[in-house]
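# Observations on the model geometry
Residue strings, one per chain:
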Amino acid sequence: MSDELAVRAICKQYSGVQAVADASFTVRPGEVHGLVGPNGAGKSTALGILSGFIRPDSGSITYRGRELTGAPPDTLVRAGIARTFQEPSPIPGLTVLENVLTGLHIQGRAGTLRAAVRSPGLRKEEKQLRAQALTLLGSVGLAGRASADAGDLSFGELRYLEVIRCLGTGATMLLLDEPAAGMGKSETERLTALIDGVRASGRGVLLVDHDMGFIFSLCDSITVMNAGRVIADGTPREIEASQTVREAYLGGTTDSGTPHGGPAAGVGAARPGGA
């Protein structure tokens with residue numbers, strides 16, 4: 001059985017407009033896979049389909065050999081697929097620690113009867129989950145904020161919390177939607193280290209972001225969409241060299257073959273080793 005997330009020929013149409021057309025790509029375990037493209041390329045729709053918030057018109061999605069096409073978000077989370085959102089949304093009125101624990105309880109094994117009688121097994125499980133939550137928070141420097149109201153976190157801290165909540169579900173495939181948006185340099189570096197750690201643990205990451213430097217610094221492979229279709233798929237070096245990608249982002253090149261400039265220009269320099 002393959003552990004990869006396989007997306008095959010997914011399509012979604014709205015009022016005659018093809019938002020996603022026959023899009024296919026694969027995200028492997030232990031890999032950070034970028035999904036990029038100009039505004040309106042279909043990335044958000046594709047991510048919505050993969051996370052169960054949008055039902056595709058056709059195509060298939062499998063993970064670890066399991067057919068998950070059209071499955072609702074809760075089914076996908078239990079299958080190991082969890083996502084973040086562009087706008088962080090902590091659960092109101094809960095502390096930072098409690099927000100992480102809501103995800104961790106998906107992994108819990110204590111039954112309803114044991115919970116009602118506060119069995120020793122349940123108490124032990126809760127202690128373990130709390131320790132796990134604090135460890136996760138510590139990985140992004142938020143352990144000291146565990147008892148704070150989640151609504152009091154800064155924007156960057158909320159973005160870390162979104163990723164930590166995904167990890168807390170036990171997800172083995174993370175779908176990250178613009179996780180670095182609005183972050184400063186030091187915050188982005190900490191986020192990069194976090195995602196590096198996720199990859200090192202053998203989990204897969206699908207990373208959607210407009211910051212091409214961030215994408216190229218992290219990704220092992222990249223899929224590029226434009227007008228709902230996949231126009232390129234390959235390593236960062238291959239994507240950087242693709243004339244098709246440059247035309248999608250930049251509208252072509254000058255007579256000398258030099259890019260007009262824009263988000264794709266010179267992006268390889270942001271990746272150590274240029275690969």
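Rules used in this analysis
Each chain carries its own residue numbering, running from 1 in the written order of its sequence. Residues qualify for local features only when their pLDDT is at least 70, as the model is predicted, and side-chain atom pairs are given and counted only at 80 or more; totals for whole chains, interfaces and linings, by contrast, use all residues. Side-chain measures here rest on the full set of heavy atoms in the structure, leaving out hydrogens and waters. For each structure, a 1 Å grid was placed over the protein atoms alone; sets of points admitting a 1.4 Å probe that cannot get out are labelled cavities, open sets with protein on both sides within 12 Å along at least five of seven lines are labelled pockets, and lining residues have an atom within 4 Å of a point. Grid points are joined across faces, edges and corners, and a volume is the space filled by probe spheres set on the points. Under the DSSP-based scheme used, a helix requires at least four consecutive residues in state H or I and a strand at least two consecutive residues in state E, with every element numbered from the N terminus. Nonpolar residues are Ala, Val, Leu, Ile, Met, Phe, Trp, Tyr, Cys and Pro. Charged residues are Asp, Glu, Lys and Arg, and all others, Gly as well, are polar. Per residue, pLDDT measures the predictor's confidence, with a range of 0 to 100. We call two residues contacting when some pair of their heavy atoms lies within 4.5 Å. Two rings from Phe, Tyr or Trp (for Trp, the six-membered ring) form a pair when their centres sit within 6.5 Å of each other. Planes less than 30 degrees apart are called stacked, planes more than 60 degrees apart edge-to-face, and all others tilted. Note on exposure labels: buried denotes an accessible area under 20% of the residue type's maximum, exposed denotes more than 50%, and partly exposed covers the range between, all computed with a 1.4 Å probe on protein chains only.

### Let's talk about the layout of surface pockets
Estimates place the volume of the largest pocket at around 400 Å³. If you go around the largest pocket, you meet 21 residues; those closest to its centre are V77, A82, R83, R165 and T169. Listing elements by their share of the lining of the largest pocket, those giving two or more residues are α2 (73–79), β6 (81–83), α3 (96–104) and α6 (155–168). The element that contributes the greatest number of residues to the lining of the largest pocket is α2, accounting for 5 residues. Tallied by class, the residues present in the lining of the largest pocket amount to 10 nonpolar, 6 polar and 5 charged. Considering the residues around the second largest pocket, the lining is formed by 11 residues, among which L136, L167, V198, S201 and R203 are closest to the centre. Put simply, the parts of the chain that give the lining of the second largest pocket at least two residues each are α5 (120–138) and α7 (185–200). Looking at which element gives the most residues to the lining of the second largest pocket, the answer is α7, with 3 residues. Residues that form the lining of the second largest pocket fall into these classes: 4 nonpolar, 6 polar and 1 charged.

### Here we look at the confidence of the model for the protein
Across the protein, pLDDT averages 84, with 84% of residues at or above 70. Across residues 109–117, confidence stays below pLDDT 50; counting only partners more than four residues off in sequence or on other chains, it has 8 contacts. The low-confidence segment residues 252–275 (pLDDT under 50) makes 39 contacts with residues lying over four places distant or belonging to another chain.

### A short note on the environment of G168
Inspection of the secondary structure puts G168 in helix α6. Spatially, the C-alpha atom of G168 lies 9.7 Å from that of A82, the residues being 86 residues apart in sequence.

### Details of the packing of aromatic side chains
Two measures describe an aromatic ring pair: the distance that separates the ring centres and the angle between the ring planes. Scanning all chains against the criterion turns up 1 aromatic pair. Where F53 meets F85, the ring centres are 5.5 Å apart and the plane angle is 80°; that geometry is what we call edge-to-face. With F53 in the loop between α1 (43–50) and β4 (58–63) and F85 in the loop between β6 and α3, the pair connects residues that are 32 residues apart, well separated along the chain. Exposure remark for F85: the relative accessible area of 31% places this residue in the partly exposed category.

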